Amino acid sequence: ELEKCKIDNSIFHHNIIKYRKRQPLVDRYNEERFNYFITIPLSNQYQSYNDLTSKLSRLLVNLNRKIFTRKELKNKQTLNVLPVIQKDNHYHLLIDEPDCQRLNKLDEEDRFDFIQDHLFKIIKKMHLCSMNLLFKRDIKGKLKSFQKLENIDDKFKVINYMTRDDELMTNIDYENVNLAT
């Protein structure tokens, strides 16, 4: 038991040191209202950065079309997203739950299912990854690839996780970032 506490303390200390190196940027993104986190392991793992950015852009355009009505799209409503491309073989996306007609008709659990269903259909249609990888579950039965962020701690952990390998934040896909201004 004592050994486990020492290991946990060491991991916590290591994460705090990493966080302090990039604190202003992590804190900036932590202020956004992100509700969902998805990891998309790509099928073709050897693509150029431009190809990855282009595919991610198409994914987000298609997802916006499913979530927003035409009228909302004409009024320039879009999802707030923080995309990260890691090691040229997978995407991490933080996605905000927007205020829009289609989602406002649903209760909270149905909103999660609505976004997940449409996102997974688009991923399948674009052949971005094996669907078996997306449907892997953890010990508690939750999907590993798509999660609802329940509180500020969840969001903070995810932002730290997404940026863990890159102190300079060069793996953020700035061409596809869309945040509330």
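**Some words on the pairing of strand S2 (residues 81-86)**
Here is step 1 of the chain: Among the six residues that make up S2, six are buried, leaving the element largely enclosed by the rest of the structure.
Here is step 2 of the chain: The alternating pattern of S2 places Val81, Pro83 and Ile85 and Leu82, Val84 and Gln86 on opposite faces, both of which are buried.

**Observations regarding the nonpolar core**
Here is step 1 of the chain: Counting 33 residues, the largest nonpolar core has Ile40, Leu59 and Ile123 as its most contacted members.
Here is step 2 of the chain: Of all the secondary-structure elements, those providing two or more residues to this core are strand S1 (34-41), helix H3 (49-67), S2, strand S3 (90-96), helix H6 (108-126) and helix H7 (131-134).
Here is step 3 of the chain: In terms of residue count, H6 provides more of this core than any other element does, eight residues in total.
Here is step 4 of the chain: Setting aside residues no more than four positions away along its own chain, Ile123 makes contact with Ile38, Ile40, Leu59, Leu128, Cys129, Met131 and Leu134.
Here is step 5 of the chain: Counting residues in hydrophobic clusters, the runner-up holds nine residues, among them Phe37, Leu149, Val158 and Ile159.

**Overview of the side chain of Lys148**
Here is step 1 of the chain: Topologically, Lys148 is positioned in strand S4 (residues 146-148).
Here is step 2 of the chain: Among buried charged residues, Lys148 stands out as having no salt bridge; its nearest opposite-charge side chain is Glu108, 4.0 Å away.
Here is step 3 of the chain: Not counting the four nearest positions on each side in its chain, Lys148 is found in contact with Asn35, Tyr36, Glu97, Glu108, Phe112 and Asp154.

**Concerning unusual backbone geometry**
Here is step 1 of the chain: Residue Lys76 is not a glycine yet carries a positive backbone phi of 65 degrees.
Here is step 2 of the chain: At His127, a residue that is not glycine, the phi angle is positive and equals roughly 55 degrees.
Here is step 3 of the chain: Looking at the secondary structure, you find His127 in the loop between H6 and H7.

**Quick look at the pairing of S3**
Here is step 1 of the chain: Counting buried positions along S3 gives seven out of seven residues, so the element sits mostly inside the fold.
Here is step 2 of the chain: Burial along S3 is two-sided: the residues His90, His92, Leu94 and Asp96 and Tyr91, Leu93 and Ile95 are all buried.
Here is step 3 of the chain: Bridge count between S1 and S3: seven bridges; the pairing is antiparallel. Residue pairing across strands places Phe34 opposite Asp96, the latter belonging to S3.
Here is step 4 of the chain: Bridge count between S2 and S3: six bridges; the pairing is antiparallel. The residue bridging Pro83 from the neighbouring strand is Leu93, located in S3.

The rules behind these values
- Residues numbered from 1 in each chain as written.
- Predicted model: local features only at pLDDT ≥ 70, side-chain atom pairs only at ≥ 80, totals over all residues.
- Heavy atoms only, no water.
- Buried < 20%, exposed > 50% of the residue type's maximum accessible area, 1.4 Å probe, protein only.
- Helix = DSSP H or I, 4+ residues; strand = E, 2+ residues; numbered from the N terminus.
- Core = buried A, V, L, I, M, F, W, Y, C linked by side-chain atoms within 4.5 Å.
- Contact = heavy atoms within 4.5 Å.
- Lys, Arg positive; Asp, Glu negative; His and termini not counted.
- Salt bridge = Lys/Arg side-chain N within 4 Å of Asp/Glu carboxyl O.
- Pairing = 2+ DSSP bridges.

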